[in-house]
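Observations on chain architecture
So you can see what is in the structure, the chains are spelled out below.
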Amino acid sequence: MHSPSRHLSAGRNALAWTGALAALFALALWSLSVGVSDVSWNTLWSDNEDQMVAQVLMYSRLPRTLALMLAGSAMAVAGLLMQMLARNHFVEPSTMGTVESATLGILATMLWAPHWPVVAKMGVSAVTALAGTALFMAVLARIRLRSAWIVPLVGLILAGVIEAATTFLAYQHDMIQSLRAFSNGDFSVVVEGRYEMLWLSLALTALACLAADRFTVAGLGESFATNLGLNYKRLVLQGLIVVSVVTACIVVTVGSIPFVGLIVPNVVRLILGDSVRRSVLWVATAGAALTLLCDLFGRLVIAPYEIPVGTVMGVVGSALFLVILLRRRAAH
């Protein structure tokens, strides 16, 4: 027989999920209704349907909203995976050189293979992102005193070196302006036909959710995972491939979105603990909601102009990151 406390816990969980999904749906509807064009829902569903309104929604607003949700959830889950693999709560793709390495790969294809299709450019970007991530893990393995403060500093230094090399290469070939387009997440150019690659990141996020238990064990260390019969090195490689491909998909499509993979997993961890299986779906949902909120703020604060979501996320994420750091320091 099931205890009453278990039934109560299941009821609270179902209620929490209902509220979270309802809030995400409300944010998505709000995102669909915000923009320069005046979109009236009454006009859309009336008998005298305005074709212009329908086209704005289907070819511009809906792809943008879907891209925001896909990119936010994928980056949040990628950050969660990296925190488990690196065994540190203060790393994510934008603070360990993964995003910068992906940008370097895109720049290389723009310089020496501009005729390649987008999928091929994404493949090159994924390879360079994987190489940068592997370099970070290799450097991390040689650090003896791996305190919570040293690891993100090493990642930021490595990211700065890669970004400096990328900027120098772009400057030599007069590509600074094109490089900046990939350095800041901007969803204003997302229309139908220019975001579909993000569905690949959704598929990889789903695979990460299915392997949540394995990544939880990997976060406990190589010895523990090996004792349980898992191939630790293969599991780490799988996680790094997922993170690299997800990062490349997002950078190629909309640019860099900082701090999503850092803030969202830490906030969810404060509530649900370190179990990836228990928190991964919450991390994906919260990442999508946070990205939608930052995009809505950027579109409304100086309307009809807009601030790129990467800029808004950088300000909000850095402030929340400082709060988490100060909270951790006070707890110690």
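A few points on the structure. (Residues numbered from 1 in each chain as written. Predicted model: local features only at pLDDT ≥ 70, side-chain atom pairs only at ≥ 80, totals over all residues. Heavy atoms only, no water.)

With respect to the overall build of the protein
For the protein, the count of helices and strands is 14 helices and zero strands. The linear arrangement of helices and strands in the protein, starting from the amino end, is α-α-α-α-α-α-α-α-α-α-α-α-α-α. For 332 residues, the compact-globule estimate of 2.2 N^0.38 gives 20 Å, and the protein sits close to it at 21 Å. In terms of overall dimensions, the protein has C-alpha extents of about 70 × 65 × 35 Å along its principal axes. In the protein, buried positions account for 48% of the 332 residues. The long-range share in the protein, meaning contacts at least 24 apart out of those at least 6 apart in sequence, stands at 77%. Counting only carbon and sulfur atoms, one obtains 65% of the accessible surface of the protein, whose full area is about 17000 Å². (Helix = DSSP H or I, 4+ residues; strand = E, 2+ residues; numbered from the N terminus. Rg over C-alpha atoms; globule rule 2.2 N^0.38 Å. Buried < 20%, exposed > 50% of the residue type's maximum accessible area, 1.4 Å probe, protein only. Contact = heavy atoms within 4.5 Å. Areas by Shrake-Rupley, 256 points an atom, 1.4 Å probe, with all protein chains shown as cover.)

Details of helix α3 (residues 51-86)
In this model, α3 (36 residues) spans 51 Å end to end at C-alpha, consistent with the 52 Å of a helix rising 1.5 Å per residue. Within α3, 27 of the 36 residues are buried, leaving the element largely enclosed by the surrounding structure. Of the residues one or two after α3, Arg87 is the one with positive phi, at around 55°. (Expected span 1.5 Å × (residues − 1).)

Points about the pattern of salt bridges
For the coordinates displayed, the defined rule picks out three salt bridges. Across the salt bridge formed by Asp295 and Arg64, the nearest N and O atoms sit 2.8 Å from each other. Residue Asp295 is found in helix α13 (residues 276-300), and its partner Arg64 is found in helix α3; the two are separated by 231 residues along the sequence. Residue class for Asp295 comes out buried when judged on its relative accessible area of 1%. According to the relative accessible area criterion, Arg64 is buried, its value standing at 8%. Across the pair Glu306 and Arg64 runs a salt bridge whose closest N-O atoms are separated by 2.7 Å. Residue Glu306 is located in the loop between α13 and α14 (309-331), and its partner Arg64 is located in helix α3; the two are separated by 242 residues in the primary sequence. Here the residues in one salt-bridge network are Arg64, Asp295, Arg299 and Glu306, joined through shared partners. (Salt bridge = Lys/Arg side-chain N within 4 Å of Asp/Glu carboxyl O.)

Section: the environment of Leu153
Structurally, the position occupied by Leu153 is in helix α6 (residues 150-172). Each C-alpha atom of the pair Leu153 and Val91 lies 9.3 Å from the other, and the pair is 62 residues apart in sequence.

Observations regarding unusual backbone geometry
Each neighbour pair has its own omega, and for Ala303 with Pro304 the value is 10°, a cis peptide bond. Structurally, Pro304 is set in the loop between α13 and α14. Its identity as a non-glycine residue notwithstanding, Arg87 has a phi of 55°, on the positive side. Within the secondary structure layout, Arg87 lies in the loop between α3 and α4 (98-112). The exposure class assigned to Arg87 is partly exposed, which follows from its relative accessible area of 49%. Phi angles above zero are rare outside glycine, and Phe259 is one such case at about 70°.

Some points on the nonpolar core
Counting 82 residues, the largest nonpolar core has Phe136, Phe187, Ile250 and Ile257 as its most contacted members. At 15 residues, α3 tops the list of elements feeding residues into this core. Contact partners of Phe136, with chain neighbours within four places excluded, come to Val91, Met96, Val151, Val154, Gly155 and Leu158. By size, the runner-up hydrophobic cluster in this structure holds seven residues, among which are Phe90, Phe321, Ile324 and Leu325. (Core = buried A, V, L, I, M, F, W, Y, C linked by side-chain atoms within 4.5 Å.)

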